[in-house]
Amino acid sequence: MKGTGARTLPKQDIDRQAALQAYGLLSGQDGITSPPIGTALTGAGRTNAARTALDNLVDLAAKLCGVPFSVVNVITADQQRQIAASGVEPGICSREDSMCARIFLTRETTVVRDASEDPRFANNPFVTGEIAAVRFYASVPLETASGFVLGSLCVFSDEPASPEPEQIAMLELLAQQTVELLELQHRTLQLNAALDEVRRSNAKLGEFAGRVSHDLRIPLTTILGYVELSEDDPDMQPEHPAAEYLQLIGASGRRMLAMLEDVLDYSKVGGALHRQPVSLRGAAADVARDLGIPFGAGATLDSDDAQLHADPLQLRALLQNLLSNALNYRSPERPLEIRISAVSNYHGTAVLVADNGKGIRPEDRQRVLEPLVRLHREGDGPGSGLGLATCRRIAQAHGGDLTLTETRGGGTTVVLTFPAAP
């Protein structure tokens, strides 16, 4: 067998390696090594889900054509890698020794009754007996929608054979299915890379927000401290203009401090979750106690019970934001009522937090879920515009979502979904 020593690759081979890398089909990906031909090649750039499907496809290809052997070959710049095989152990050989490498870029199906009589293959080590003694051989190129040829699906035997045209047509259909599976793996790898980048970005955002929050909080708390000292100074008369200025400075400083805390909380959402069974009613009762909201049957707030598979601290933060919103945006026309209900099935649990407050117009419901968006309606309480955005991020971090609808009779109902425990 010819060697595959290190060499400078031409541009087309560099491009081929880059494309195969994107599909997860190169040596070294997913912990793959490069054994010599004839030794087991486990993994070979395949995800667990694709592995079984590819194995089933090559097994079906061999049976349909009535031959003992079938493989999916990926052709790299200098190797043939068998990523699935039926009747033989998948392995690796040099591209120079590969039969498929000679014809896969023709983009046409090749069918050879006896490879020992075909001038393209008669001296190939897979035919001469140096590696194998292939006689019947059929190969279908694995061409993607973009026109890139990954390799081939081939079937072969150590005896001459002449399959029917219908059998070759079915082999071509199986080759298309093989390409679909590899495209699915490609998209999965792209999605995983994007998710990793989002996680890295979120981690950097959290670190940045923490530093900025810390750097701004120190001078701000110092300013507020001096404001409080000045307000408590016995020489500061209430009617003095400076007293009014100090009140304005203090109010503005406290709003800024609250916004810093909201920004920091928003940036932290989506990190590592510590999921466990959590009682919805118990969490609601704890938040009601913190906010001073009467809780229980007939009280301002009442809640169904349900077992949620959630991070208890993040669930508590979510409920606290929602109940604080209900307090801030209550209707002046009726006593506040908040009802938390839950509906569970095998998919998970839908939690509905319904209040009878001012409500949100349909055209504003999607917009208010974005960070730093406030409606600025007359009589609304203070806020940073991050509460609902934070709640939505918490729900999405758990694999669910948050949407808004109208409460019958007036008000807002927040619909949260939580997946079932795995």
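Calculation criteria
- Residues numbered from 1 in each chain as written.
- Predicted model: local features only at pLDDT ≥ 70, side-chain atom pairs only at ≥ 80, totals over all residues.
- Heavy atoms only, no water.
- Pairing = 2+ DSSP bridges.
- Helix = DSSP H or I, 4+ residues; strand = E, 2+ residues; numbered from the N terminus.
- Axes fitted to C-alpha atoms, helices over the stretch in contact; angles between N-to-C directions.
- Buried < 20%, exposed > 50% of the residue type's maximum accessible area, 1.4 Å probe, protein only.
- Contact = heavy atoms within 4.5 Å.
- 1 Å grid on protein atoms, 1.4 Å probe; cavity = no way out; pocket = protein on both sides within 12 Å on 5 of 7 lines; lining within 4 Å.
- Points joined across faces, edges and corners; volume = space filled by probe spheres on them.
- Nonpolar A, V, L, I, M, F, W, Y, C, P; charged D, E, K, R; others polar.
- pLDDT = per-residue confidence, 0-100.

### Quick word on the sheet that holds strand E6 (residues 149-156)
Line of reasoning, step 1. An order of E3-E2-E1-E6-E5-E4 is seen for the 6 strands of this open sheet, with the pairing classed as antiparallel. Among the strands making up the open sheet, the edge pair consists of strand E3 (92-94) and strand E4 (110-112). Each adjacent strand pair in this sheet contributes to an overall mean axis angle of 20°, direction not counted.
Line of reasoning, step 2. Two elements, strand E1 (residues 69-75) and E6, share 6 bridges in a ladder whose sense is antiparallel. Bridge pairing links Phe69 to Phe156 in E6.

### Considering the sheet that holds strand E10 (residues 338-345)
Line of reasoning, step 1. Ordered in space as E8-E10-E11-E13-E12, the 5 strands form an open sheet in which the pairing is mixed. Either end of the sheet is taken by a strand with one partner, and the two such strands are strand E8 (301-303) and strand E12 (401-406). Neighbouring strand axes in the sheet, compared pairwise and without regard to direction, differ in orientation by 15° on average.
Line of reasoning, step 2. As paired elements, E10 and strand E11 (residues 348-355) share 8 bridges and run antiparallel to each other. What sits directly across from Asn345, in E11, is Gly348.

### Remarks on helix H9 (residues 387-397)
For the α-helix, the turn length of 3.6 residues means that residues three or four positions removed from each other point alike.
Line of reasoning, step 1. Among the 11 residues that make up H9, 9 are buried, leaving the element largely enclosed by the rest of the structure.
Line of reasoning, step 2. After H9 finishes, the residue Gly399 shows a positive phi value of roughly 90°.

### Considering the environment of Pro277
Line of reasoning, step 1. Of note, Pro277 is situated in strand E7 (residues 276-279).
Line of reasoning, step 2. Distance from Pro277 to Ala306, taken between C-alpha atoms, is 9.5 Å for residues 29 residues apart in sequence.
Line of reasoning, step 3. With residues up to four places along the chain from it excluded, the contact list for Pro277 reads Gln307 and Leu308.

### Describing the pairing of E11
Line of reasoning, step 1. Within E11, 6 of the 8 residues are buried, leaving the element largely enclosed by the surrounding structure.
Line of reasoning, step 2. Where E10 folds back onto E11 in an antiparallel hairpin, the turn is made up of 2 residues.
Line of reasoning, step 3. Pairing between E11 and strand E13 (residues 412-419): 7 bridges, direction antiparallel. By the bridge assignment, Val351 is partnered in E13 with Leu416.

### A short note on the environment of Pro160
Line of reasoning, step 1. By the element assignment, Pro160 lies in the loop between E6 and helix H5 (165-232).
Line of reasoning, step 2. Separated by 23 residues in sequence, Pro160 and Tyr137 place their C-alpha atoms 8.4 Å apart.
Line of reasoning, step 3. With near-sequence residues (within four places) excluded, Pro160 lies in contact with Arg113, Asp114, Arg135 and Phe136.

### Observations regarding empty space enclosed by the protein
Line of reasoning, step 1. In the structure shown here, the tally under the stated rule is 1 cavity of 30 Å³ or more.
Line of reasoning, step 2. Among the elements of the structure, E1, strand E2 (79-86) and E6 are those that each provide at least two residues to the lining of the largest cavity.
Line of reasoning, step 3. For the lining of the largest cavity, the class distribution of residues is 8 nonpolar, 3 polar and no charged.

### Examining the confidence of the model for the chain
Line of reasoning, step 1. Chain-level statistics for the chain give a pLDDT mean of 84 and a share of 86% at 70 or above.
Line of reasoning, step 2. Note on residues 1-6: pLDDT is under 50 here. Beyond four places in sequence and across chains, it has 12 contacts.
Line of reasoning, step 3. With pLDDT under 50 throughout, residues 29-46 is counted as low confidence; its partners more than four residues away or in other chains account for 59 contacts.

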